[in-house]
Amino acid sequence: SEDSFRQAQKMEAVGQLTAGLAHDFNNLLTAIAGNLERLQARLEQPDLRRRLDVIQIAADRAAHLTRQLLAFARKTALDPKPIDLSDAVLGFVDLLETTAGSGVELRLDLRRRLPACLVDRTHLESALLNAVANARDAMPKGGEITIATSRLHLNGDALSRELPSGDYVVLEVRDEGEGMPPSVVARAAEPFFTTKSQGKGTGLGLAMVHGFLQQSRGRLEIESEVGRGTTIRMILPAHMAASEVETRGELVEPAKLA
Ligand code: ADP
């Protein structure tokens, strides 16, 4: 449609802009980190050293994020593999906790033995990071962020008008923050749409999540209520091993294939 064409065009422009910026940032951060290291080696006062350590940690994290951004902007880095969503969350939980910050509690509600999803791990991690950063921003007075995984089977109900019937895996990021009115929900995934003050928001986070889900043949759902909180729901198709695939609900028996 016209809308998704415009969205794709905007994302293309964003990709080029991001690649350029991330590249420059990476160079700057390398210079910062290099000088820090020299300073640290020469400082006697433990108090000052501790401050430099904090700067170092922040610089390392910024460098890590820029590399991720660079990988995202260069679509060549796309490398879908079968991934267990619960494992992916667990493997990434340290950075998510750092992002959530000290005033916010991160709670995990992860199902075991989910079907795998065919996704690019870096994109999945970026999507999670963005959702968690938004949840944190929505709770300036603190609260709880829940990351939950589950499975979902669709067969001809309302949702499957946009998604084919079949098995799906769901990744939710829920918060107890300020929420959004319907007019904001409707535009939240648009590139450059932000309600955050200048310098704080780019309006690219949910656009990135949306792009990730489109590329993975999934769907993004946003449920929100002002004053109660928000749920970001990422629905991803289950990637069945050949031995698990059923045809029209009927298991194909090897004998019939011969
Ligand atoms: P940014 O975070 O840079 O503003 P996003 O695309 O991630 O860009 O989000 C767009 C807008 O959607 C935000 O500015 C905010 O108004 C709204 N939003 C996103 N996530 C949440 C959330 N968890 N709670 C409340 N509002 C949200």
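Position numbers for residues start from 1 in each chain and track the written sequence from start to end. The model is predicted, so local features are restricted to residues of pLDDT at least 70 and side-chain atom pairs to those at 80 or more, both for listing and for counting; the totals for chains, interfaces and linings are taken over all residues.

Draft legend 1. Region of the structure containing the site of the ligand. By definition, a residue lies near a molecule or strand when the C-beta atom built from its backbone is within 6 Å of it. Around the ligand, 23 residues are found, and the nearest of them are Asn134, Ala138, Thr194, Gly201 and Gly205. When residue character is reported, Ala, Val, Leu, Ile, Met, Phe, Trp, Tyr, Cys and Pro are called nonpolar, Asp, Glu, Lys and Arg charged, and the others, Gly included, polar. Looking at the shell around the ligand residue by residue, the class counts come to nine nonpolar, eleven polar and three charged.

Draft legend 2. Spotlight on the packing of helix α4 (residues 93-100) against helix α5 (residues 121-137). Under this scheme, a helix contributes an axis fitted over its contacting stretch, all axes are lines through C-alpha atoms, and angles between N-to-C directions fall in the 0 to 180 degree range. The helix and strand labels rest on DSSP assignments: H or I over at least four residues marks a helix, E over at least two residues marks a strand, and numbering proceeds from the N terminus. Packing of α4 against α5 leaves a shortest axis separation of 9 Å and a crossing angle of 25 degrees. For the element pair α4 / α5, the angle class is roughly parallel. The chirality of how α4 crosses α5 is right-handed. Packed against α4, whose contacting residues are Leu95, Leu96, Thr99 and Ala100, the element α5 presents Leu128, Leu129, Val132, Ala133 and Arg136 at the interface. Of the residues that constitute the contact of α4 with α5, the class distribution is seven nonpolar, one polar and one charged. For classification, angles of less than 35 degrees are called roughly parallel, those exceeding 145 degrees roughly antiparallel, those between 65 and 115 degrees roughly perpendicular, and all remaining angles oblique. For any pair of crossing helices, the crossing counts as left-handed if the nearer helix is rotated counterclockwise from the farther one by less than a right angle, and right-handed if it is rotated clockwise. Contact between two residues is assigned when their C-beta atoms, built from the backbone, lie within 7 Å.

Draft legend 3. Seen up close, the environment of Glu172. For Glu172, the location among the structural elements is in strand β5 (residues 166-175). Sequence spacing of Glu172 and Ala131 is 41 residues, and the spatial spacing of their C-alpha atoms is 9.2 Å. Ignoring anything within four residues of it in the chain, the contact list for Glu172 reads Ala148, Thr231, Ile232 and Arg233.

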